[in-house]
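Listed below, chain by chain, are the residues.
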Amino acid sequence: MSDITLDRQLVSEADTLVVPAPGYWKSVGQRLLRDRVTVAVTVVLFGILFITLGAPLVTHYNPYAGSVLARLKPIGTPGHWLGTDETGRDLWTRLCYGGRLSLLAAILPVTISLLVGGFLGILAGYAGGFLGTLIMRTMDVFYAFPSILLAIAICGLLGNGLLNSIIALAVVFIPPMVRVSETVTTQARNLDFVEAARASGSSTLQIIRHHVLANVLGPIMVYATSLISVSIILSAGLSFLGLGVTPPQAEWGLMLNSLRQAIYVQPYVAALPGLMIFATSMCFNLMSDGVRGAMDVRLNK
Amino acid sequence: MLLFAIRRMLQAIPILLGVSLVVFGLVHIVPGNPIDMLMPPEASPEVIAQMKAAFGFDKPLYMQYLLWLLRAVQGDFGLSVFNATPVWGQLVTALENTFVLAILGAALGFSLGILCGMVSALYHGRWPDKVFSAIATVGVSLPHYWCAIVLVLFCAVLHDWLPAQGMGDDSLPLYHRLQYLVLPVITLSLIPMGVIGRLVRATVLDILGQDFVGALSAKGLTRWPVIRHIAKNAAPPVLALMGLQFGYLLGGSILVETVFNWPGSGNLLNLAIFRRDIPVLQATILVLATFFVLLNLLVDIAQAAIDPRIRR
């Protein structure tokens, strides 16, 4: 066999070995689909989303209509498979409808803090200098408060209500969001290809849009998902204290608090709303772990 | 080292000033004078003016702030507008009760967390790792107020093992009063356990991958001395998180204190909110936030003492 044919054989072998490299996000998606825990958790989350948004499809009771005769029925009562609450309202119905406000009160603050905190953080990280220091030092002051304390203080002073609890939590989540986005932006700003773009005459806006945002949004989004898990616990906690959603509205934290008074009458029923808070928070936590793992190229070697 | 400590302490001063400004400002994000909200509608303007003058709410805002800060530094937070008793006295009693819970909860949570994290890392990928990692993940996403209710359900409602709430009478023997501590302390320990456990696992795994660990074993060190080296290297980040977690236990115990009806600072804050008792509210938040800042300061200095690389 001559050298030339051998070379040719090698070349053709190399050709068949070359598989078009999948894009980054495509490979992240593939890794996510292989991760059984993340897939299971996502299915559960969609299930929760379905029973809350599609509540009229899974129950025919009115979440506000109680019956004096059917107060505090145990789990497994015919017609009320999860029992009833202290005014005789069907608990399964209340849990389904209650998820709407619980999820809204948890996701909206994270979204607001993602927009405001992300903007401030990227600004501080990219601009640096006096503006960056000013933003970061202001955030340091808010960091000096334990998050629950700050949320309770703001919500307690603004007065109870869904809107105030959303505002309070958004204020609590903005500082950590600013810090995370500032850190990743500072790292991205000093990457070689950003330097190259700057040297080749790209405008600041172009650099931010094409190079910085592309590198920064992923980690910020992952952080936001992990915040949702905290947000669910905190927003339900505010309602639990009587600072968030007001009765007779259905919300998991509020339901937990009112059923707590009946713990000696119907112990298991009283624990159910908390189970929903726990399950939802846990699912968001595991999902954010999964996404973080799938996005970290180093971990997947 | 001393220089680092002094510089770090000086840096805390502007933060504390900012904190005091936020605490003071928070109260004034709602329009209206704290006294107006408390007085009955039929009260005469003279009485209202008298009350405002008595509690110092008649001065311009910046004067109110300066006076408040000046007195606060001396431990004088004025009188509660709800029952006209000194705020400081109420706060000290409440803080003592919260400290008892927080210290015991932290001690339990931190030791369990370190144990779980260490075992998970040393048995990486095997069943102890899986079990402890699962426990830690649950601990992180547990709504602790719900956990408190579940504990009450099992230990006080279904079985008559432990008291459901309160902190017991002073006249009771110590053994009985300790029973009141069990459930709140367990509840408070769960989140620190999960958080510390996860960090210890990650940090120790990271250290185990470094060359010097292999070198230590290669030169013939047995298991325990190697673990001691690992522990020393893992200490700074874990210590930092412990400081934060202890601060959360102090400032965030309000939900657990509500469930157990524990007369601590969280309970005091809750009452102050519903009574719109502004002096108590300001004092509680300011003192808790100050503790949080000082705690972080202490942790920073301790970290630098352990790891000279941090002293820059």
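Refer to the preceding data block for the structure.
Residues numbered from 1 in each chain as written. Chains lettered and ligands numbered in written order. Predicted model: local features only at pLDDT ≥ 70, side-chain atom pairs only at ≥ 80, totals over all residues.

Asker: What am I meant to see in the overall build of chain B here?
Answerer: The helix and strand inventory of chain B stands at 13 helices and zero strands. Going from the N terminus to the C terminus, chain B shows its helices and strands as α-α-α-α-α-α-α-α-α-α-α-α-α. Its C-alpha atoms give chain B principal-axis dimensions of roughly 85 × 55 × 35 Å. Across the 312 residues of chain B, 38% fall into the buried class. Excluding contacts between residues fewer than 6 apart, the proportion of contacts in chain B whose partners are at least 24 apart in sequence is 73%. (Helix = DSSP H or I, 4+ residues; strand = E, 2+ residues; numbered from the N terminus. Buried ≥ 20, exposed ≤ 12 C-beta atoms within 10 Å, placed from the backbone. Contact = placed C-beta atoms within 7 Å.)

Asker: I'm lost on the overall build of chain A in this one. Help?
Answerer: Each helix and strand in chain A was counted, giving 12 helices and zero strands. From first element to last, N terminus to C terminus, chain A shows the α and β order α-α-α-α-α-α-α-α-α-α-α-α. C-alpha atoms of chain A, sized along the principal axes, occupy 95 × 60 × 25 Å. Within chain A, the proportion of its 301 residues that are buried is 44%.

Asker: How should I be thinking about helix 7 (residues 147-158) of chain A in this particular structure?
Answerer: Within an α-helix, residues lying three or four positions from one another point in the same direction, as the helix has 3.6 residues per turn. Residues and elements named next belong to chain A. Compared with the 16 Å implied by 1.5 Å per residue over 12 residues, the 17 Å span of helix 7 between its first and last C-alpha is a close match. For helix 7, the tally of buried residues reaches 10 of 12 residues, placing the bulk of the element in the interior. Buried within helix 7 are the following residues: Ile148, Leu149, Leu150, Ala151, Ile152, Ala153, Ile154, Cys155, Gly156 and Leu157. (Expected span 1.5 Å × (residues − 1).)

Asker: What should I look at first to understand the interface of chain A and chain B in this one?
Answerer: Accessible area lost during the coming together of the parts is what is often quoted as the interface size. If you look at the interface, chain A gives 33 residues, while chain B gives 36 residues. Of all the elements in the fold, those that place two or more residues in the side of chain A that touches chain B are helix 6 (129-143), helix 7, helix 10 (204-240), helix 11 (252-260) and helix 12 (267-295) of chain A. Here the side of chain A that touches chain B gets 10 residues from one element, more than from any other, and that element is helix 12 of chain A.

Asker: So what exactly am I meant to see when it comes to the environment of Ala270 of chain A here?
Answerer: With respect to the element layout, Ala270 of chain A can be found in helix 12. Each C-alpha atom, one on Ala270 of chain A and one on Leu256 of chain A, is 6.5 Å from the other, the two residues being 14 residues apart in sequence. Beyond its immediate chain neighbours, meaning those up to four positions away, Ala270 of chain A contacts Leu259, Arg260, Ala262 and Ile263 of chain A together with Ile149 of chain B.

Asker: Any chance you could explain the nonpolar core here in plain terms?
Answerer: Nonpolar side chains in soluble globular proteins tend to end up buried together. Among the nonpolar cores identified, the biggest contains 153 residues, and Ala151 and Ile152 of chain A together with Ala148, Ile149, Ile196 and Ala289 of chain B are the most heavily contacted of them. Apart from the residues lying within four places of it in its own chain, the contact partners of Ile196 of chain B are Gly109, Phe110, Gly113, Ile114, Gly117, Val238, Leu241, Met242 and Gln245 of chain B. (Core = buried A, V, L, I, M, F, W, Y, C linked by C-beta atoms within 7 Å.)

Asker: I keep staring at the environment of Leu158 of chain A and nothing clicks. Help me out?
Answerer: Residue and element names in this part refer to chain A. Its place among the elements puts Leu158 in helix 7. Under the C-beta neighbour-count criterion, Leu158 is labelled partly exposed, with 17 such atoms within 10 Å. Each C-alpha atom, one on Leu158 and one on His210, is 41 Å from the other, the two residues being 52 residues apart in sequence.

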